[in-house]
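# Per-entry structural report
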Amino acid sequence: MVYQTDIKQQCVNALRILSAEAVSNANSGHTGICAGAAPATFLLYSEVMKYSPDFPLWENRDRFVLSAGHGSALLYALLHLFGNSLTKEDLASFRQLGSKTPGHPEYGVTAGVDCSTGPLGQGIASAVGMALAEAHLAKVFNREGFNIVDHYTFALCGEGCLEEGISYEACSFAGTQKLGKLILFYDCNKISIEGSTDKAFTDDIALRFESQGWQTLEVNDANDLDALRNAVTEAKADTLRPSIIICRSRIGYGTPFEGTAKIHGTPLDKDGLARTKEFFNWNEAPFEAGEAVKTYCSICAKEAGKHKVLWDELFAGYSEKFPDLAEKYGKYFYGEPELENLYEKLKCDKDEATRISGGIVINEIAKYLPNLLSGSADLSPSTKTDIVGGGRFSPENREGRNISFGIREHAMGAICNGIALHGGLRVICSTFLVFSDYMKGAMRMSAIMGLPVIYVLTHDSIGVGEDGPTHQPVEQLAMLRATPDIDVFRPSDRAETISAFVRALNSKKPSAVVLSRQNLKQKNVISDKGAYIISDRENPRAVLVASGSEVDVCLGAQKILMPEISVRVVSVPCVEVFEAQSDEYKNKILPDGIPVMCVEASSDSIWYKYGRVLNMTSFGASGKAESLFARYGYTAENVANEVKKLAK
């Protein structure tokens, strides 16, 4: 076979070979998608995208999300040829501990990676969030002749991403919202790990996306750069619909295992790599692309970088003509929350569900943070998370601050990750605590990337009542607390709710604020240390520890036990924050030698580290909240009896 040898084709081949070499050198990774998708990604980085190799976090760059994150070797080859972040030594260190080229793309580890990906479908949904953020910020800041927010979000996926339910959720949302600056490349090779995708996936993707409000374009040969270019031009011309470009490719193109499942996740051995290089007439040394390729890619990258220079000039003019907007832009992207006297302003003395407290706090915070967006999975009347007067984000109202995600918890979380990754905005999303199961994957990605998404999770226990065990969370707190790098708050009154939101807004990682449906008493104690003594007695013989609604139960037990047994009550709104305190503080709250009983209407076993536990050992039941708390032992009388046994 005679293969084309023009410079663009040489660059595409360089991406294929560098990717294959990285995978083979590591003896681990995925060669197949790298070979098939190289032309489309080359086109993006060489001709289409706005980016700056010297300023990889420039706000107005085009974003690229490799949703099919197992093709990371291809992304690293692109960043090597078109950026300043990766050397050939980095490519040779692919998948090695401590390298800049981990097995799947990791945001914050490799400059030029816009999103951590790997769990299939997550990247698509995060790309939707980036496109939403661009649309909102463009409406807020752009003025005639000064489009300072004006960029596209590109994503690349394969069959696996589209098989995952999250992709359907996210793409349906994107079509409804008419996010026309979102362009998805679908590397359609019809092969998965088990072989032909026809075994499990025969959807007509064009019809599926058309029904979801997308423009659908098809490129019958993924190697045809002209056809790919024409498709991108057509995609950009439609500003009212997101676009999917279906690229029909051959997995592992040019390798001995082209078109077969074997090349999906199997490195080429020495002979296979040699035969692949022979197919592409490749004679360069390992991890070398050749001077012609490096020069051409460098020229392309410099041309892309000129967009940053032009934008800087545009923003300088913008700052002169619209100084207040320019200052506001800086605060959106780089400002810190300035929250004044929230405790004094919002002090409350009446019994109140913490979900009500949360809504009041969110709306007060929204006055100080105009870049705060809030959304829910079709539950805002129940979660109380709407920003009053903030409008609803829609194709007709891009400035709206409230997002109707629909009943799409998983996509909601990942879309919020994309909003946070984009920059310039803070975001809250909400649902019932029990449905956090549906978005666990997205919450985990928030934690891995260190994104300060705030998850408001209401209806926090068996106190949900009549809806029964399907809607009563039992094990979800344990799941959330077991996830590293996420703070889980379960406040017992409005003061603790204020503290939770203040800490979440000043955090560099995600937070889950877990709120009650039922009314709780106000204690009005201010603490930001995760746990504190909410009520003490002289020479306590036992310590009661609780979170949320069970704090009231423990305070009731304390009253019953006096004067027979002196008991301290400790509220623990956030275990993670408490565990980060000094040993001196922790010992002050929970002194050695005094027995501890922890009370929480969940199955979380974390409490056993502190002492005995009264927790849920089964699912709940349908009935009134007070009846359920009595049935499962969450009454002041029962807790008092348990303390008597403990303090003997």
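Residues numbered from 1 in each chain as written. Predicted model: local features only at pLDDT ≥ 70, side-chain atom pairs only at ≥ 80, totals over all residues. Heavy atoms only, no water.

Another aspect to go through is the overall build of the chain. Along its length, the chain carries 24 helices and 20 strands. In terms of overall size, the chain behaves like a compact globule, its C-alpha atoms giving a radius of gyration of 27 Å where 648 residues would be expected to give roughly 26 Å. The burial tally for the chain puts 61% of its 648 residues in the buried class. Residue pairs in contact within the chain that sit at least 24 positions apart in sequence constitute 77% of those at least 6 positions apart. As displayed, the chain has an accessible area near 25,200 Å², and 50% of this comes from carbon and sulfur atoms. A gap of 4 Å separates the mean positions of the 67 positive and 80 negative side-chain charges of the chain. (Helix = DSSP H or I, 4+ residues; strand = E, 2+ residues; numbered from the N terminus. Rg over C-alpha atoms; globule rule 2.2 N^0.38 Å. Buried < 20%, exposed > 50% of the residue type's maximum accessible area, 1.4 Å probe, protein only. Contact = heavy atoms within 4.5 Å. Areas by Shrake-Rupley, 256 points an atom, 1.4 Å probe, with all protein chains shown as cover. Lys, Arg positive; Asp, Glu negative; His and termini not counted. Charge placed at Lys NZ, Arg CZ, Asp CG, Glu CD.)

This part takes up the layout of surface pockets. Within this model, the largest pocket holds a volume of roughly 940 Å³. Lining the largest pocket we find 34 residues, and of these Tyr332, Phe333, Tyr334, Gly335 and Gly424 sit closest to its centre. Those elements that place two or more of their residues in the lining of the largest pocket are α12 (323-334), α16 (409-422) and β11 (426-432). With five residues, the top contributor of residues to the lining of the largest pocket is α12. (1 Å grid on protein atoms, 1.4 Å probe; cavity = no way out; pocket = protein on both sides within 12 Å on 5 of 7 lines; lining within 4 Å. Points joined across faces, edges and corners; volume = space filled by probe spheres on them.)

On to the pattern of salt bridges. The tally for this structure, following the rule as stated, stands at 38 salt bridges. Across the pair Lys306 and Glu303 runs a salt bridge whose closest N-O atoms are separated by 2.7 Å. Here the residue Lys306 and the residue Glu303 both occupy positions in helix α11 (residues 291-321), the gap between them amounting to three residues, near one helical turn. Looking at Lys306, the relative accessible area reads 44%, which means it is partly exposed. Lys308 is the salt-bridge partner of Asp312, the closest N and O atoms lying 2.9 Å from each other. Here the residue Asp312 and the residue Lys308 both occupy positions in helix α11, the gap between them amounting to four residues, near one helical turn. (Salt bridge = Lys/Arg side-chain N within 4 Å of Asp/Glu carboxyl O.)

What follows is about the nonpolar core. Judged by nonpolar contacts, the single largest core of 81 residues is most densely connected at Phe141, Tyr186 and Leu457. It is helix α5 (residues 122-141) that contributes the most residues to this core, 13 residues altogether. With sequence-adjacent residues up to four places away left out, Phe141 is seen in contact with Ile148, Val149, Tyr318, Leu325, Lys328, Tyr329 and Tyr332. Of all hydrophobic cores here, the second largest spans 63 residues; its members include Ala14, Ala26, Tyr45 and Tyr253. (Core = buried A, V, L, I, M, F, W, Y, C linked by side-chain atoms within 4.5 Å.)

This brings us to the sheet that holds β11. Here six strands make up an open sheet; going across it, the order is β10-β9-β11-β12-β14-β13 and the pairing parallel. At either margin of the open sheet sits one strand with a lone partner, and together these are β10 (402-404) and β13 (487-489). Going across the sheet, the axis of each strand differs from the next one's by a mean of 20°, ignoring polarity. Here strand β12 (residues 454-458) runs beside strand β14 (residues 511-514); their pairing, made up of four bridges, is parallel. Across the sheet, residue Leu457 finds its bridge partner in β14, namely Val514. (Pairing = 2+ DSSP bridges. Axes fitted to C-alpha atoms, helices over the stretch in contact; angles between N-to-C directions.)

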